[in-house]
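Here are the chains, one letter per residue:
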Amino acid sequence: MDAAMLTALGALLASPVAAAAAIYGSRGATRAAREGGVITGYDSLTARLTAERDKAEQDQAAAELRAGAREAELVAEITRLRLLVTQLGGTP
């Protein structure tokens, strides 16, 4: 066997090895990209849920303030009506 024949055989044997390495490397890159996408999606979902929770807490606090103001308004109205009943000679 001469040098040209050995070079040709080496090239023929090296090409399947190179193809297998490329496939294996491609699988690793695909897996890394997929995992990166999952982590990005998870971070995005976490940020949206946190923002939604913060908004819900603000809405609840505002609703509690409105309820407290409404309660004070109703107590004042009850007091006014009791006074009016008493002034008209009745018993509340």
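Here, every reference points to the structure presented above.
Predicted model, so just to flag it, every value in this text is computed and none were measured.

**Quick notes on the overall build of the chain**
- Across its full length, the chain carries one helix and zero strands.
- Looking at the chain residue by residue over its 92 residues, the buried ones come to 0%.
- Roughly 7,900 Å² of accessible area belongs to the chain as shown, and the carbon and sulfur atoms make up 66% of that amount.

**What about the pattern of salt bridges?**
- Per the counting criterion, the structure on display carries five salt bridges.
- In this structure, the salt-bridge partner of Asp-59 is Lys-55, at a minimum N-O distance of 2.9 Å. Linking Asp-59 with Lys-55, this pair stays in helix H1 (residues 3-87), spanning four residues, or about one helical turn.
- Between Arg-80 and Glu-77 there is a salt bridge, with its nearest N and O atoms 2.8 Å apart. On the criterion of helical spacing, the pair formed by Arg-80 and Glu-77 is a turn pair, its members being three residues apart in helix H1.

**Concerning a nonpolar patch on the surface**
- Taken together, the side chains of Met-5, Leu-6 and Leu-9 define a hydrophobic patch exposed on the protein surface, amounting to about 270 Å² of accessible area.
- Positionally, Met-5 belongs in helix H1.
- A relative accessible area of 44% means that Met-5 is categorised as partly exposed.

Criteria and cut-off values
Residues numbered from 1 in each chain as written. Predicted model: local features only at pLDDT ≥ 70, side-chain atom pairs only at ≥ 80, totals over all residues. Heavy atoms only, no water. Helix = DSSP H or I, 4+ residues; strand = E, 2+ residues; numbered from the N terminus. Buried < 20%, exposed > 50% of the residue type's maximum accessible area, 1.4 Å probe, protein only. Areas by Shrake-Rupley, 256 points an atom, 1.4 Å probe, with all protein chains shown as cover. Salt bridge = Lys/Arg side-chain N within 4 Å of Asp/Glu carboxyl O. Patch = residues over 30% accessible without salt bridge, like charges linked within 9 Å, V, L, I, M, F, W, Y side chains within 5 Å.

The values reported here are purely geometric and, on their own, carry no functional implication.
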